[in-house]
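Commentary on secondary and tertiary structure
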Amino acid sequence: MEEIIEALDSGKLKLHELDKELGDSNKAAEYRRRFLERKLGVKLEAIGSTVIDFNKAVGRNIENPIGAAQIPIGVAGPLLVEGEYARGMFYIPLATTEGALVASVNRGAKIVTESGGARARVVRDGMARAPLFKLPSLIDALDFVKWVEAHREEIKRAAESTTRHGKLKEIQPFVVGNNVWLRFVFETGDAMGMNMATIASEAAAKYIERGYPKAELVALSGNMCVDKKPNAVNFLMGRGKTVVAEALIRREALSRLGVTPEAVHEVNVRKNLLGSALAHSYGFNAHFANIITAIFIATGQDVAQVVESSMGITWTEPREEGLYISVTLPSLEVGTVGGGTGLPTQREALSMLGVAGSGDPPGVNALKFAEIVASAVLAGELNLILALARNELARAHQALGRSRQ
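Residues numbered from 1 in each chain as written. Predicted model: local features only at pLDDT ≥ 70, side-chain atom pairs only at ≥ 80, totals over all residues. Heavy atoms only, no water.

What the protein chain contains, in helices and strands, is 17 helices and 11 strands. In terms of principal-axis extent, the alpha carbons of the protein chain reach across some 65 × 65 × 40 Å. By the burial criterion, 49% of the 405 residues in the protein chain qualify as buried. Put simply, 72% of the contacts in the protein chain that link residues at least 6 apart link residues at least 24 apart. When the accessible surface of the protein chain is totalled, it reaches about 19,100 Å², and 53% of it is carbon and sulfur. Across the protein chain, the mean location of the 47 positive side-chain charges is 2 Å away from that of the 46 negative side-chain charges. (Helix = DSSP H or I, 4+ residues; strand = E, 2+ residues; numbered from the N terminus. Buried < 20%, exposed > 50% of the residue type's maximum accessible area, 1.4 Å probe, protein only. Contact = heavy atoms within 4.5 Å. Areas by Shrake-Rupley, 256 points an atom, 1.4 Å probe, with all protein chains shown as cover. Lys, Arg positive; Asp, Glu negative; His and termini not counted. Charge placed at Lys NZ, Arg CZ, Asp CG, Glu CD.)

With that settled, the discussion passes to the packing of helix α8 (residues 152–160) against helix α9 (residues 194–211). Two elements in contact, α8 and α9, have axes separated by 7 Å at closest approach and are oriented at 135°. With respect to their mutual orientation, α8 and α9 come out oblique. Crossing hand, α8 versus α9: right-handed. Contacts between α8 and α9 pair E154, I155, A158 and A159 from the former with A200, A203, A204, Y207 and I208 from the latter. Residue classes in the contact of α8 with α9 are distributed as eight nonpolar, no polar and one charged. (Axes fitted to C-alpha atoms, helices over the stretch in contact; angles between N-to-C directions. Parallel < 35°, antiparallel > 145°, perpendicular 65-115°, else oblique. Left-handed = near helix turned anticlockwise from the far one by under 90°. Nonpolar A, V, L, I, M, F, W, Y, C, P; charged D, E, K, R; others polar.)

In this section: the pattern of salt bridges. Going through the model one piece at a time under the given rule, you end up with 19 salt bridges. Note that R239 and E308 form a salt bridge whose closest N and O atoms lie 3.5 Å from each other. With a gap of 69 residues between them, R239 in the loop between α10 (232–237) and β8 (240–250) and E308 in helix α14 (residues 306–309) connect regions that are remote in the sequence. Assigned by exposure class, R239 and E308 land together as buried. The partner of E333 in a salt bridge is R239, with the nearest N and O atoms 2.8 Å apart. Pair noted here: E333 is in the loop between β11 (322–332) and α15 (344–352) and R239 is in the loop between α10 and β8, with a separation of 94 residues, a long-range link. One exposure class covers both E333 and R239, and it is buried. Several salt bridges share partner residues, and in doing so they unite D227, R239, E308 and E333 into one network. (Salt bridge = Lys/Arg side-chain N within 4 Å of Asp/Glu carboxyl O.)

Of all hydrophobic cores here, the largest spans 55 residues; its most connected members are I92, L94, I249, I292 and L332. If one sorts the elements of this core by residue count, helix α16 (residues 364–389) sits on top with 14 residues. Ignoring any residue separated from it by four or fewer positions in sequence, one finds L94 in contact with P72, I73, G74, A76, V102, V105, I291, A294, I295 and A298. Ranked by size, the runner-up nonpolar core spans 25 residues in total, among them F144, A159, F186 and A200. (Core = buried A, V, L, I, M, F, W, Y, C linked by side-chain atoms within 4.5 Å.)

For the protein chain, the domain assignment lists domain 1 (1–57), domain 2 (80–125 + 241–401) and domain 3 (131–219). Relative placement of domain 2 and domain 3: their C-alpha centres are 34 Å apart. In this complex, domain 2 contributes 17 residues to the contact, which on the side of domain 3 involves seven residues. Its largest share of buried area at the contact with domain 3, domain 2 owes to D125, Q305 and V337, together 47% of the area lost on that side. For the interface between domain 2 and domain 3, the tally reads zero salt bridges. At the boundary of domain 2 with domain 3, the tally comes to seven residue pairs in polar contact (both at pLDDT 80 or more). Ranked by the residues each element gives to the side of domain 2 that touches domain 3, the list is headed by α16, at three residues. Residue composition of the side of domain 2 that touches domain 3, by class: five nonpolar, eight polar and four charged. (Domains from an automatic or database assignment. Buried area = accessible area lost by both parts, 1.4 Å probe. Polar contact = N/O pair within 3.5 Å; in protein donor to acceptor, adjacent residues only side chain to side chain.)

Bringing the side chain of S25 into the picture now. Tracing the backbone shows S25 in helix α3 (residues 25–40). A relative accessible area of 8% places S25 in the buried class. Here S25 is in contact with D19, F54, N55 and V58, once residues within four sequence places are set aside.

Here it is as structure tokens:
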């Protein structure tokens with residue numbers, strides 16, 4: 001080890017070269033860690049404590065590993081879900097460091113379940129990638145769009161030649177001057193599908209450049225996809241799964257909590273709708289991102305996609321029998337294969353929900369997972385609005401979220 005660390009210290013050996021040099025990424029992670037401990041004068045024992053096999057993770061999930069970050073995982077539930085794919089009671093794994101979050105979702109799950117459960121449906125499904133082409137003029141740009149439409153089947157074959165499960169569903173053109181974005185929308189099975197869509201879009205773009213030489217590919221991703229940025233196009237047209245979950249909370253259940261459907265509805269309208277409108281927010285909700293982030297970390301999703309996955313609207317209606325509440329998530333980007341879903345703890349969390357790996361037929365596990373996520377968001381959203389209506393938000397965070405050090 002001394003010889004390796006000295007070589008790292010002198011610069012003769014680079015940190016990123018260790019995996020190849022040693023032929024063992026687990027050893028490489030240990031050597032990097034030891035080098036950093038000596039170089040920085042710190043102890044990295046907790047970071048080094050992990051169940052991850054880096055021989056499997058390097059080249060798939062991580063580069064230059066030194067260990068792993070550990071985040072507490074709590075469980076909320078059971079939550080009754082009446083979806084098209086998810087049916088039954090589910091225990092929701094939530095990885096978070098925010099005290100009161102798991103308790104919030106847990107109480108919301110109890111209220112939703114006692115009122116008959118959450119009904120959930122995926123109303124749209126498609127992962128997008130939008131290559132950007134430049135043309136000599138607007139006239140050429142418009143002609144190019146017509147050519148693409150006329151050659152849709154050939155483009156589809158080129159894209160689908162790269163994947164077993166990916167299917168090109170739509171090509172959505174957008175024109176600005178002499179620039180054309182082609183927003184390819186793919187069905188991606190049980191994968192979240194970003195890599196699948198990217199590779200397939202590259203094959204399609206190459207075919208297009210050969211077939212229409214005036215079109216020059218500027219960027220394989222032209223930011224009309226839209227990935228990991230708040231945006232209107234995904235809010236309106238969807239990306240990943242567009243999911244809706246709803247419940248009818250009985251008036252007597254709310255009465256036991258000291259609130260009325262009318263009071264809860266007023267909080268939602270004035271806070272989530274009017275307040276969000278005043279702020280020009282892309283999220284007309286109380287805290288979608290809290291629940292989605294915790295589930296994403298626990299189950300190995302691409303956490304940065306919380307940005308667009310947590311856009312959405314909470315809707316309420318006071319009714320004679322109680323409170324109708326729904327959450328609409330237009331751009332929930334989730335998968336049960338690929339990415340971090342194969343890591344040990346994340347796969348176990350997916351197993352808790354009965355969605356680990358590929359479904360039969362492919363695609364059903366991701367759809368089931370999306371319905372569960374939306375239902376968990378509904379539970380968390382309901383409870384936070386109730387807490388605000390009861391003026392107990394600060395008390396909950398004081399009891400469960402404050403450091404006692």
